[in-house]
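# Per-entry structural report
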Amino acid sequence: MVREYSYKIPKSDVLEHCRNILVKLDYDIDIYASESDILITKPIKIRRGLRTYDYIVFAQVTDRIEIYVAAESSIFKRESESTVGGSGLIAKQSEDALPFSLQKKILIPIHKSMIKQKFRPRKNI
C-alpha cells in the first residue's frame, strides 16, 4: 500500500515534517535516516477477528513523498501442522493487501495530517 504526495518546501525539511506528523499520530519512530531521506516506524499490532496484524509505516522522500504500509498477519496453524509441545501454533505470513477497513484506519489519519501540512496527494485515497 503506497500513497504519494508532492511538496513545495525544501527537501531537507520534508522528512522532519513527516516525522512530526507520525509522532503526533502516536507512532514510535524506529529508524530516522536523514542522510538517505527515510524513516520507519516501530511495528504496531492491530487485531481483527482471529487475526493479528503487525504493520509498519515507511516514508521515503525523493522528488515526492512516498508513504508505504507493510504488514504481516499472525494466523493459527491447523492442528495437523503444529508440534506436539504446543510451540509453533502461530504462523506469520506477509500481507500484500490488508483488509480495506484496516487500510482506511491506518492511512486516513496520515492522509489528513499530510494535507494539513500542505502536502498534496499525487493519487486519490
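Turning our eyes to something else, we now look at the packing of aromatic side chains. How two aromatic rings sit relative to each other is given by the distance of their centres and the angle of their planes. Taken as a whole, this structure holds 2 aromatic pairs when the rule is applied. Ring geometry for Y27 against Y55: centres 6.4 Å apart, planes inclined by 80°, an arrangement best described as edge-to-face. Here Y55 lies in strand 5 (residues 51-61) and Y27 lies in the loop between helix 1 (11-24) and strand 2 (29-33), a separation of 28 residues in the sequence. Assessed through its relative accessible area of 7%, Y55 is described here as buried. Where F58 meets Y68, the ring centres are 5.5 Å apart and the plane angle is 55°; that geometry is what we call tilted. Linking F58 in strand 5 with Y68 in strand 6 (residues 65-76), this pair joins segments that are 10 residues apart in sequence.

Next up on the list: the pairing of strand 4 (residues 44-48). Relative to strand 5, strand 4 is paired through 5 bridges, and the arrangement is antiparallel. What sits directly across from I46, in strand 5, is Y53. Between strand 4 and the antiparallel strand that follows it, strand 5, lie 2 residues; G49 among them carries a positive phi value of about 65°.

This part takes up the pattern of salt bridges. What the rule picks out here adds up to 7 salt bridges. Among the ionic pairs, E16 bridges to R19, the shortest N-O distance being 2.8 Å. Here R19 and E16 lie together in helix 1, a separation of 3 residues that amounts to about one turn. Accessibility expressed as a relative area gives 30% for E16, which makes it partly exposed. Via salt bridges that share partners, E4, D63, R64, E66 and R122 belong to a single interconnected network.

Calculation notes
Residue positions within a chain follow its written sequence, with the count starting from 1. Where totals are concerned, whole chains, interfaces and linings use all residues; where local detail is concerned, this predicted model gives features only for residues with pLDDT of at least 70, and gives and counts side-chain atom pairs only at 80 or more. Based on all heavy atoms of the structure, the side-chain values leave hydrogens and waters out of the count. Aromatic pairing here means that ring centres of Phe, Tyr or Trp (its six-membered ring) are within 6.5 Å. Orientation follows from the plane angle: under 30 degrees is stacked, over 60 is edge-to-face, and everything else is tilted. Note on conventions: DSSP H or I runs of at least 4 residues are helices, E runs of at least 2 residues are strands, and numbering of each starts at the N terminus. For every residue, the accessible area (1.4 Å probe, protein chains only) is compared with the maximum for its type, and the residue is labelled buried under 20%, exposed over 50%, or partly exposed between those bounds. Should DSSP find at least two bridges between two strands, the strands are taken to pair. For salt bridges, the criterion is a side-chain nitrogen of Lys or Arg within 4 Å of an Asp or Glu carboxyl oxygen.

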